[in-house]
Amino acid sequence: MKVIVTRDNQEMSQKAADLLQLCMEENEESVLGLATGGTPRGTYQELIRRYKAGELDFSHVTAFNLDEYVGVDQHHPQSYHTFMKEQLFQHVNMNIEKAHIPNGQAPDLQEECARYEALIEKIGPPHIQLLGIGHNGHIGFNEPGSSFKSETHVVDLADSTRDANARFFESKSDVPSQAITMGIQSIMKSKRIVLIASGEKKAEAIRRLLSQEVSEDFPASALHSHPDVTLIVDLSAYQKI
Ligand code: F6R
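Residues numbered from 1 in each chain as written. Predicted model: local features only at pLDDT ≥ 70, side-chain atom pairs only at ≥ 80, totals over all residues.

Trainee: Got a minute to help me understand the overall build of the chain in this structure?
Mentor: Across its full length, the chain carries seven helices and 10 strands. Over its C-alpha atoms, taken along the principal directions, the chain stretches across nearly 45 × 40 × 35 Å. Once local pairs closer than 6 in sequence are excluded, the contacts in the chain between residues at least 24 apart make up 80%. (Helix = DSSP H or I, 4+ residues; strand = E, 2+ residues; numbered from the N terminus. Contact = placed C-beta atoms within 7 Å.)

So this is what it looks like as structure tokens:
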């Protein structure tokens, strides 16, 4: 795992955008794996800035998002469909038909998971996968205890994850209790992985990640067996190293 320590969130975002840009330049039909949450916002802003400056073209990009809440309407302000539209897709020349996000409202969730995994197989896997990390080491919504062999599946969100995401909702009780997520194995299929982390609240997760422990109790530790992972972490999140 290559580690890049940056001064702050802004520099972290720029470095992550550099790697996504490189991937888009290297692959004419690039496939990007994308994440939601607070951490990638700056990266998406930087990509939008570069697109507006004429430095980036999204017309040939296919995107796969990691996850979506179960039972939340796609147009709900806190759905990950809405997040991606507002934070990136509607600001760039992305073909929205090529932007894939699991459907958390599918009548048959198991079928939806299988459809999504098959689509990743068929069109992907992503050339590059952007990841954030949960306080408990989750990647995507693969909570501690998730099998390293998991593919796209329905997951019960950990209480700590619902606490962490309550900031985006009116109250914790509004945070959905389930999500569809790409599994650890689905994530590991990406050719390159970029994990970004910012702020002191992530310091313990980064300490544990870099402790070299490999265990299903700490999902991000699966990344140690991937051949091309770059961790981009700002000084606040790196403070326990
Ligand atoms: C989001 C996702 C999650 C987040 C993680 C960190 O699509 O899959 O794993 O990356 O919960 O979230 P933030 O960035 O809000 O701290």
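Trainee: Teacher, can you tell me more about the sheet that holds strand β9 (residues 192–197) here?
Mentor: Backbone-to-backbone hydrogen bonds pair the strands of a sheet. The strands run either parallel or antiparallel. Ordered in space as β1-β10-β9-β6-β2-β3-β5, the seven strands form an open sheet in which the pairing is parallel. Each of the sheet's edge strands pairs with one partner strand only, and the pair in question is β1 (2–6) and β5 (99–100). Bridge count for strand β2 (residues 31–34) against strand β3 (residues 62–65) is four bridges, and the pairing is parallel. Bridge pairing links Val31 to Thr62 in β3. (Pairing = 2+ DSSP bridges.)

Trainee: When you look at the site of the ligand in this model, what are you seeing that I'm missing?
Mentor: Within the structure, the ligand sits among 14 residues, and Thr36, Gly37, Gly38, Thr39 and Gly132 are positioned closest to it. Residues belonging to the shell around the ligand are distributed by class as follows: five nonpolar, eight polar and one charged. (Near = placed C-beta within 6 Å. Nonpolar A, V, L, I, M, F, W, Y, C, P; charged D, E, K, R; others polar.)

Trainee: I keep staring at the pairing of strand β10 (residues 229–234) and nothing clicks. Help me out?
Mentor: When you tally the buried positions in β10, you get five out of six residues, the bulk of the element. With five bridges connecting them, β1 and β10 associate as parallel partners. From the neighbouring strand, Ile4 faces β10, where its bridge partner is Ile232. As paired elements, β9 and β10 share five bridges and run parallel to each other. Each residue of the ladder has a partner; that of Ile193, found in β10, is Val229. (Buried ≥ 20, exposed ≤ 12 C-beta atoms within 10 Å, placed from the backbone.)

Trainee: I'm lost on helix α1 (residues 9–26) in this one. Help?
Mentor: At 3.6 residues per turn, the α-helix brings residues three or four places apart onto the same side. With 18 residues, α1 should cover 26 Å at 1.5 Å per step; its first-to-last C-alpha distance of 26 Å lies within 8% of that length. Regarding α1, the residues found buried are Asn9, Met12, Ser13, Ala16, Ala17, Leu20 and Met24. Angularly, the buried residues of α1 cover 130° about the axis, an arc narrow enough to put them on a single face. What points out from α1, more than 90 degrees from its buried face, is the exposed set Glu25 and Glu26. Buried residues in α1 make contact with β1, β2, α2 (41–52), β6 (128–131), β9 and β10. (Expected span 1.5 Å × (residues − 1). Arc of directions from axis to C-beta.)

Trainee: It is not clear to me how unusual backbone geometry should be interpreted in this structure. Could you clarify?
Mentor: With the exception of glycine, most residues fall at negative phi, and the peptide bonds are largely trans. The step from Gly124 to Pro125 runs through a cis peptide bond, and the omega angle for that step is -5°. Relative to the assigned elements, Pro125 resides in the loop between α4 (109–123) and β6. Positive phi, normally seen in glycine, also occurs at Gln212, with a value near 75°. As for its position among the elements, Gln212 is in the loop between α7 (203–209) and β10.

Trainee: So what exactly am I meant to see when it comes to the confidence of the model for the chain here?
Mentor: Do not read the fine detail of predicted coordinates wherever pLDDT is low. Of the residues in the chain, 100% reach a pLDDT of 70 or more, and the chain-wide mean stands at 97. Confidence estimates for the predicted assembly give a pTM of 0.97 and an ipTM of 0.99. (pLDDT = per-residue confidence, 0-100.)

Trainee: What should I look at first to understand the sheet that holds strand β7 (residues 153–156) in this one?
Mentor: Spatially, three strands are ordered β4-β8-β7 in an open sheet, and the strand pairing comes out antiparallel. Edge positions in the open sheet fall to β4 (67–69) and β7, since each of these has one partner strand only. Ignoring which end each strand starts from, the neighbouring axes of this sheet average 25° apart. Relative to strand β8 (residues 178–181), β4 is paired through three bridges, and the arrangement is antiparallel. Paired with Tyr69 across the bridge in β8 is Ala179. (Axes fitted to C-alpha atoms, helices over the stretch in contact; angles between N-to-C directions.)

Trainee: Is there a simple way to explain the environment of Leu209 in this structure?
Mentor: You can see Leu209 is positioned in helix α7. The class of Leu209 is buried, set by 25 C-beta atoms lying within 10 Å. Taking the C-alpha atoms as reference points, Leu209 and Ile133, separated by 76 residues in sequence, lie 9.8 Å from one another. Discounting residues that sit within four places of it in the chain, Leu209 has contacts with Ala220 and Ser221.

Trainee: I keep staring at the UniProt feature "domain: Glucosamine/galactosamine-6-phosphate isomerase" (unreviewed entry) in the chain and nothing clicks. Help me out?
Mentor: Residues given the UniProt feature "domain: Glucosamine/galactosamine-6-phosphate isomerase" (unreviewed entry) here are residues 10–226. In this annotation, residues 10–226 is assigned 33% helix and 14% strand; the end-to-end C-alpha distance for the span is 26 Å. (UniProt positions renumbered as here; feature names shortened; annotations may be inferred.)

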